[in-house]
Amino acid sequence: MKRIFLFVVTNIAVLLMLGFVAQALCAFFGTSLAEVVGPNASSLLIYAVVYGMLGSVISLLMSKQMAKMSCHAKTIDGTEGEVERWLVDTVRELADRANLKMPEVAIYPGAANAFATGAFRNSALVAVSTDIMSQMSREELRAVLGHEMSHVANGDMVTLTLVQGVLNAFVIVVSRVLASVIANGSKGESRRNNNGLYFLLVMVLQIALGILASLIVMWFSRKREYAADAGSAKLLGTPSAMIAALRRLGNLQPGTLPDSLRAMGIAEGKKTSIWSTHPSIEDRIEALQNFGAG
């Protein structure tokens, strides 16, 4: 109920902020929102919020099912063998420490990686690859599971979905306001004479602004990785295991996850850039060392 309330409040806040941004843009160009967009300005704002959020929310609600399908992940309950029993028991222990309900646990075939997903903190999925299980010690793997459980405890899946949805809404509104101003002028000329130019500008601006929005999402995702690393250190009582796990990952080639799961994985790759969902291994280790020193 709390998350539903926050989601509704967030959408109302986004709607108000979109209106403010649209009015500010129009004022900058010496016109008004009614002149640029027409009498249906409020409809545009509502459309932007609904359409901007809808795709992200639907993806989040379907995330567990899609993750299992895309990674060929198999849910386990611990009865399959000693290794599976240890994995389930460890996740249960970490869930209890994080004050969470037991998530689903799965194993999927592939190179070293792990991820968490799910729309709700108490109904999540934590999955590890066969390769990371064979390449890491149990203490290192426990730190990796702590990292993923921290993503769940922090609600990072929901937060990233809201950030993406908010940015989608801004892209929709700003691209249309700017396209109207450029195509029709600041005096509110009839759009019927400039329909072709208007729609072309909307497409170009949506692509350009969408790229900028993606950079913001990637930056935010990298910040959440530092928080998940620190969360693992807190759950385990020391950062040393997480540091050891990261060093191990630095000697491996992390497996590639589907785009919808990249941000919630333990690693993305050895190289990092402004397009990366994860900071470099070296930066993450340094942050954990500073965390331990503090």
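Presented here is an overview of the structure given in this document.

Calculation rules
- Residues numbered from 1 in each chain as written.
- Predicted model: local features only at pLDDT ≥ 70, side-chain atom pairs only at ≥ 80, totals over all residues.
- Heavy atoms only, no water.
- 1 Å grid on protein atoms, 1.4 Å probe; cavity = no way out; pocket = protein on both sides within 12 Å on 5 of 7 lines; lining within 4 Å.
- Points joined across faces, edges and corners; volume = space filled by probe spheres on them.
- Nonpolar A, V, L, I, M, F, W, Y, C, P; charged D, E, K, R; others polar.
- Buried < 20%, exposed > 50% of the residue type's maximum accessible area, 1.4 Å probe, protein only.
- Helix = DSSP H or I, 4+ residues; strand = E, 2+ residues; numbered from the N terminus.
- Pairing = 2+ DSSP bridges.

1. Topic: empty space enclosed by the protein
At step 1: Counting across every chain of the model gives one cavity of 30 Å³ or more.
At step 2: Taken as a whole, the largest cavity spans an internal volume of roughly 30 Å³.
At step 3: Here the residues of the lining of the largest cavity are counted per class, giving three nonpolar, two polar and three charged.

2. Some points on the pairing of strand 4 (residues 125-129)
The two faces of the sheet receive side chains in turn, since in a regular strand these alternate between them.
At step 1: Counting buried residues along strand 4, five of its five residues qualify, which places the element largely inside the surrounding structure.
At step 2: Every second residue of strand 4 is oriented toward a common face, with Leu 125, Ala 127 and Ser 129 on one face and Val 126 and Val 128 on the other, all of them buried.
At step 3: Sheet analysis places strand 2 (residues 104-108) next to strand 4, joined by five bridges and oriented parallel. From the neighbouring strand, Ile 107 faces strand 4, where its bridge partner is Val 128.
At step 4: Where strand 3 (residues 114-117) meets strand 4, four bridges bridge the pair, whose relative direction is antiparallel. Bridge pairing in strand 4 places Ala 114 opposite Val 128.

3. Considering unusual backbone geometry
At step 1: The phi angle at His 72 is positive, at roughly 55°, despite the residue not being glycine.
At step 2: Phi is positive for Asn 99, which is not a glycine, with a value near 60°.
At step 3: Along the polypeptide, Asn 99 turns up in the loop between helix 5 (82-97) and strand 2.

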